[in-house]
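# Topology and contacts: notes
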Amino acid sequence: MEELDSEPTVTLIPGVNSQKKQICFDWGPGEMLVCETSFNKKEKSDMVPGCPFIHIIRKNEDVYSQILRKLFNESHGIFVGLQRIEEELTGKSRKTQLVRVSKNYRSVIRACLEEMHQLAIAGKDPAIGRQFSIQVREFCCTGTSFMSSCILSTHRQWHCNHWCCRSLSFQVSSLSAMELIWNLCEILFIEVAPAGPLLLHLLDWVQLHVCEVDSLSADVLGSENPSKHERFWNLVTVLVLQGRLDEARQMLSKEADSSPTSAGMCRILGDLMRTMPVLSPGNTQTLTELELKWQHWHEECERHLQDGTFASSPHLESLCKVMLGEEAALLEQKGLLSTWYHFLVTRLLYSHPTVKPTDLHFYAQSSLDLFLGGESSPEPLDNILMAAFEFDIHQVIKECSIALSNWWFVAHLTDLLDHCKLLQSHNLYFGSNMREFLLLEYASGLFAHHSLWQLGVDYFDYCPELGRVSLELHIERIPLSTEQKALKVLRVCEQRQMTEQVRSICKILAMKAVRNNRLGSALSWSIRAKDAAFATLVSDRFLRDYCERGCFSDLDLIDNLGPAMMLSDRLTFLGKYREFHRLYGEKRFVDAASLLLSLMTSQIAPRSFWMTLLTDALPLLEQKQVIFSAEQTYELMRCLEDLTSERPVRGEPDAQQLQDDDVETTKVEMLRLALARNLARSIIKEGSLEGS
């Protein structure tokens, strides 16, 4: 059984008093409406003023951030590309390709961070720009303390509309944390760096994410006399703490040039920095050789310290102690180290340069304890990084799910780790595996947005167990606000043979078209939906419209119905009736007469339309040429008598009814006369033909 998360924190809605008022709510696909009601359990109670607002509580508001939408769009392409090349990932190339994919994800995060920075400094909001600069520096310097103020344990809380707009600083902190965690996971789980190269990767990790040294370097070097700058030694110390010894030597050379008394000490310390053994990429030396060289170098540093070589310069002596990896000396630089993981990497660099991956968690835990010193407890970011150093992938994913504000990070990281074959043995107790569960949650959040739902479709496609069912449920809830959007949704459904959803969407569009009196569009959608009942309804509207106006609308559609007219009898009649008019217009009277008669005798024509058909027969009956044979005339006469014999008996008629009855009577009399004449003519013609 999986470990269950604790109960989520209660979210208070401003202005809504749940203690005195009943709350009404209604669920939507990605949000919920909440309001107070006037209902009260107590029959006699004082009338308490209520909240007049309807609140929108959203499950995932990050999809409404313009910059984060760029993150979602760019990462979607990387995700789909990874799924498509899965079969090609074999052997040594597999690891290389997966590392490349991981770096692509990180580059998208970095691009979004840069865009936020440009947005802040572009002057669109000077206040946000100042806040951004201050808080980014604070994050680089203090790390977890800044993150703790922004990344709270609000796991899947529903956020009220009043709090929906997060500050730019929150997004910066979230993305910075994502990049920091992802980079570490890439080193430990995807690159799987062995002892030696592992430390080089961790140094790059710290140098990339603890960025205050760059602004400090620009500040110091930009002064007239850098060695006399008040923060000169801070810069040198930070460079040493980050393992950037070449740059530290250059700074010491400036000190030697400006202070002849310390030139010798600077030269000696600089030589120690230059000769420090480091396993560089492409170096063929073994770890044993490196350890022997490093031990010799370490003894030389210790000898200089014991001989008092740097005794006259507290700064240089402190740097030498740092290079010896003395914990006390490192903790004295706590303010410059800024984070416990920076302290960890520096400590490993100068004490355990060949640390093995399996030993990382021991040093990480002791570094965290030493750095915090019992003064504070670990923050969410600390717990995530510690779980990574312990190689507990599932704990990393769980902590990130709790701490971060959306599912993007955990969904994509888990998918990548799954491709690395690191999650094969972990299934969730409620049915799906972890990868699929997180992808489903992320895709569901995308469907809450009016355009990002198109990205969510692909994520559902790559969830083999529950993806199809989830897509069917979500796609039915997409509001079809425009016909263009409806066509996009329809295309998605048709590509995946989602027959029921196609039929449902077409019905909705057909109904909208009927309401707007767009009969051609309504008929087209009903045919596409293969909905015989609705096609019959629209066909009736076409016929009624013809009776009122005397002509058809949307002739192109009716003329090109083709096999679709067989969907319903009424639609068949509409198509054939239009064909009758076409034949009549082409003066093919015999064919037109046969078709008209077949429409009536086959019972395909609605009874209510028989009088119109008989009226259409009048011009054919009055032609000089005999069109209807005697037999056909008898059939027409029978239809007329059937129609007139079924006329309902009305009560006391009004003026309008009397007028309609007069018109009807006139039509019937004209038809009887025309039929009688045609019958006589046809009998004479047929008799003369037989006699000859």
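Please refer to the structure placed before this passage.
Residues numbered from 1 in each chain as written. Predicted model: local features only at pLDDT ≥ 70, side-chain atom pairs only at ≥ 80, totals over all residues. Heavy atoms only, no water.

### What about the overall build of the chain?
Applied cut-off: Numbering goes from the N terminus for both helices and strands, where a helix is a DSSP run of H or I of at least four residues and a strand is a run of E of at least two. Burial classes: relative accessible area under 20% of the type maximum marks a residue as buried, over 50% as exposed, and values in between as partly exposed (1.4 Å probe, protein chains only).
Along its length, the chain carries 32 helices and four strands. Put simply, the chain has 692 residues, and 48% of those count as buried.

### What about the packing of helix 9 (residues 245-258) against helix 10 (residues 263-275)?
As a reminder, the rule being used: Angles shown run from 0 to 180 degrees and are taken between the N-to-C directions of axes, each axis being a line fitted to C-alpha atoms and, for helices, limited to the stretch in contact. Any angle that falls under 35 degrees is termed roughly parallel, while one over 145 is termed roughly antiparallel, one within 65 to 115 roughly perpendicular, and all others oblique. Contacts were defined at the residue level, with two residues in contact if any of their heavy atoms lie within 4.5 Å. Throughout this entry, Asp, Glu, Lys and Arg are counted as charged residues, while Ala, Val, Leu, Ile, Met, Phe, Trp, Tyr, Cys and Pro are counted as nonpolar. The remaining residues, Gly among them, count as polar.
Look at helix 9 against helix 10: their axes get within 9 Å of each other, and the N-to-C directions meet at 170°. Relative to helix 10, the element helix 9 lies roughly antiparallel. When helix 9 is examined against helix 10, the residues Leu245, Ala248, Arg249, Leu252, Glu255 and Ala256 are found in contact with a partner set consisting of Ala263, Cys266, Leu269, Gly270, Met273 and Arg274. Its residues assigned to classes, the contact of helix 9 with helix 10 shows eight nonpolar, one polar and three charged.

### Here we look at the packing of aromatic side chains
Condition: In summary, the pairing rule links any two rings of Phe, Tyr or Trp, Trp by its six-membered ring, whose centres are within 6.5 Å, and it sorts them by plane angle into stacked for under 30 degrees, edge-to-face for over 60 and tilted for everything else.
The full count for this structure, using the stated rule, is 18 aromatic pairs. Between the aromatic rings of Phe79 and Tyr459, the centroid separation amounts to 4.4 Å while the plane-to-plane angle is 25°, which identifies the pairing as stacked. A residue pair is termed long-range when its members are at least 10 positions apart, and Phe79 in helix 1 (residues 66-84) and Tyr459 in helix 21 (residues 453-461) qualify at 380 residues. One exposure class covers both Phe79 and Tyr459, and it is buried. A connected cluster of aromatic rings, assembled from ring pairs, spans Phe72, Phe79, Tyr442, Tyr459 and Tyr462.

### Notes on the side chain of His209
Structurally, His209 is set in helix 6 (residues 197-209). Judged by relative accessible area, His209 falls into the buried class, the value being 8%. Apart from the residues lying within four places of it in its own chain, the contact partners of His209 are Glu179, Leu180 and Asn183.

### Some remarks on unusual backbone geometry
Phi is mostly negative for residues that are not glycine, and the peptide bonds are mostly trans. The backbone of Val192 shows a phi angle near 50°, a positive value even though the residue is not glycine. Positionally, Val192 belongs in the loop between helix 5 (168-191) and helix 6.

### Some details on the pattern of salt bridges
Applicable threshold: For this analysis, a salt bridge means a side-chain nitrogen from Lys or Arg found within 4 Å of a carboxyl oxygen belonging to Asp or Glu.
Here the structure, examined in full by the defined rule, presents 20 salt bridges. Close ionic contact of Arg518 with Glu483 constitutes a salt bridge, the shortest N to O distance being 3.3 Å. Pair noted here: Arg518 is in the loop between helix 24 (499-515) and helix 25 (519-528) and Glu483 is in helix 23 (residues 483-495), with a separation of 35 residues, a long-range link. Owing to a relative accessible area of 35%, Glu483 belongs among the partly exposed residues under this scheme. Taken together, the shared-partner salt bridges connect Arg582, Glu586, Arg588 and Asp591 into one network.

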